[in-house]
Amino acid sequence: GAVVSQHPSWVICKSGTSVKIECRSLDFQATTMFWYRQFPKQSLMLMATSNEGSKATYEQGVEKDKFLINHASLTLSTLTVTSAHPEDSSFYICSAEQQGDEQYFGPGTRLTVT
Amino acid sequence: QKEVEQNSGPLSVPEGAIASLNCTYSDRGSQSFFWYRQYSGKSPELIMSIYSNGDKEDGRFTAQLNKASQYVSLLIRDSQPSDSATYLCAVNKGRGSTLGRLYFGRGTQLTVWP
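Note that the structure is a prediction, hence the values are computed from the model and not measured. (Residues numbered from 1 in each chain as written. Chains lettered and ligands numbered in written order. Predicted model: local features only at pLDDT ≥ 70, side-chain atom pairs only at ≥ 80, totals over all residues. Heavy atoms only, no water.)

Peer 1: How should I be thinking about the overall build of chain B in this particular structure?
Peer 2: When you go through chain B residue by residue, the secondary structure sums to zero helices and 11 strands. Tracing chain B from N to C terminus, the helices and strands come up as β-β-β-β-β-β-β-β-β-β-β. Since a compact globule built from 114 residues should have a radius of gyration of about 13 Å, the 14 Å found for chain B is in line with a globular shape. Considering only C-alpha atoms, chain B reaches an extent of 45 × 30 × 25 Å along its principal axes. Expressed as a percentage of its 114 residues, the buried residues of chain B come to 45%. Looking at chain B alone, contacts between residues at least 24 apart form 55% of all its contacts between residues at least 6 apart. For chain B, the exposed area adds up to about 5400 Å²; of that, 46% sits on carbon and sulfur atoms. Side-chain charges of chain B comprise 12 positive and 10 negative groups, with the mean position of each set lying 7 Å from the other. (Helix = DSSP H or I, 4+ residues; strand = E, 2+ residues; numbered from the N terminus. Rg over C-alpha atoms; globule rule 2.2 N^0.38 Å. Buried < 20%, exposed > 50% of the residue type's maximum accessible area, 1.4 Å probe, protein only. Contact = heavy atoms within 4.5 Å. Areas by Shrake-Rupley, 256 points an atom, 1.4 Å probe, with all protein chains shown as cover. Lys, Arg positive; Asp, Glu negative; His and termini not counted. Charge placed at Lys NZ, Arg CZ, Asp CG, Glu CD.)

Okay, structure coming up:
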């Protein structure tokens, strides 16, 4: 099956610092990757759609200067949370679209900003 | 009107019973439909995809799609305690990466008691 990895699985950072999260498709090439955020007991919220070699498309209300997305290759997308604040603490999950449109999720990154 | 709606539950069934999860969607032109399972603290896992009207069976899982009624369901036969999770219905308005975002329901929490 399609495997998507994320790194790190959890991270604690201080307010004002930046954190980078990596998302990799391990056994397939993904032209499109997606970044989601999920707060406790809430559903997934799509933050942005990332296409290889082009700028990401952000959902309404998501600050593109705060959440920097780089999709440098067909197997790697990164999300950088800049100047993190406690309200950015959340579960960040990426997904990668395999040919045909099935999306497979990474294991998620739990971010805590202190 | 929300894009995808699910019966919010929670749903509780005894071990061995059939669990029935329901989902409706608003865009009549939607073409791809998915069920994800999400354990607490984990990321979603794709368990079923369905594209055509009718039933699709995979082991103990059966997905049913009725495009005329804009309705998708998931049946879990012989439910096991390990099936206890939140089940997310997801809809894609088109096939192919150009239309690739998924719209998720809020999820139905299922508990299977021994």
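Additional details are given in the paragraphs that follow.
Peer 1: Please explain the nonpolar core as it appears in this structure.
Peer 2: Generally speaking, soluble globular proteins have nonpolar side chains that are buried together. Formed by 41 residues in total, the largest nonpolar core has its most connected members in Tyr36 and Leu111 of chain A together with Tyr36 and Phe104 of chain B. Element by element, the count of residues in this core is highest for strand S9 (residues 90-97) of chain A, at five residues. Not counting chain neighbours up to four residues away, the residues in contact with Tyr36 of chain B comprise Gln103 and Phe105 of chain A together with Pro44, Glu45, Leu46, Ile47, Thr86, Tyr87, Leu88, Ala90, Leu102 and Phe104 of chain B. Of all hydrophobic cores here, the second largest spans 24 residues; its members include Ala19, Tyr25, Trp35 and Ala63 of chain B. (Core = buried A, V, L, I, M, F, W, Y, C linked by side-chain atoms within 4.5 Å.)

Peer 1: How should the sheet that holds strand S3 (residues 19-25) of chain A be read in this particular structure?
Peer 2: The strands that make up a sheet are held in pairs by hydrogen bonds between backbone atoms, and each pair lies either parallel or antiparallel. All names here are of chain A. Here we have four strands laid out as an open sheet, ordered S1-S3-S8-S7, and antiparallel in their pairing. Pairing within the sheet leaves two strands with one partner each, and these edge strands are strand S1 (4-7) and strand S7 (67-73). Taken pair by pair, the neighbouring strands of this sheet meet at an average axis angle of 15°, ignoring direction. Bridge count for S3 against strand S8 (residues 76-81) is six bridges, and the pairing is antiparallel. By the bridge assignment, Ile21 is partnered in S8 with Leu79. (Pairing = 2+ DSSP bridges. Axes fitted to C-alpha atoms, helices over the stretch in contact; angles between N-to-C directions.)

By themselves, these observations are geometric and do not establish any function.
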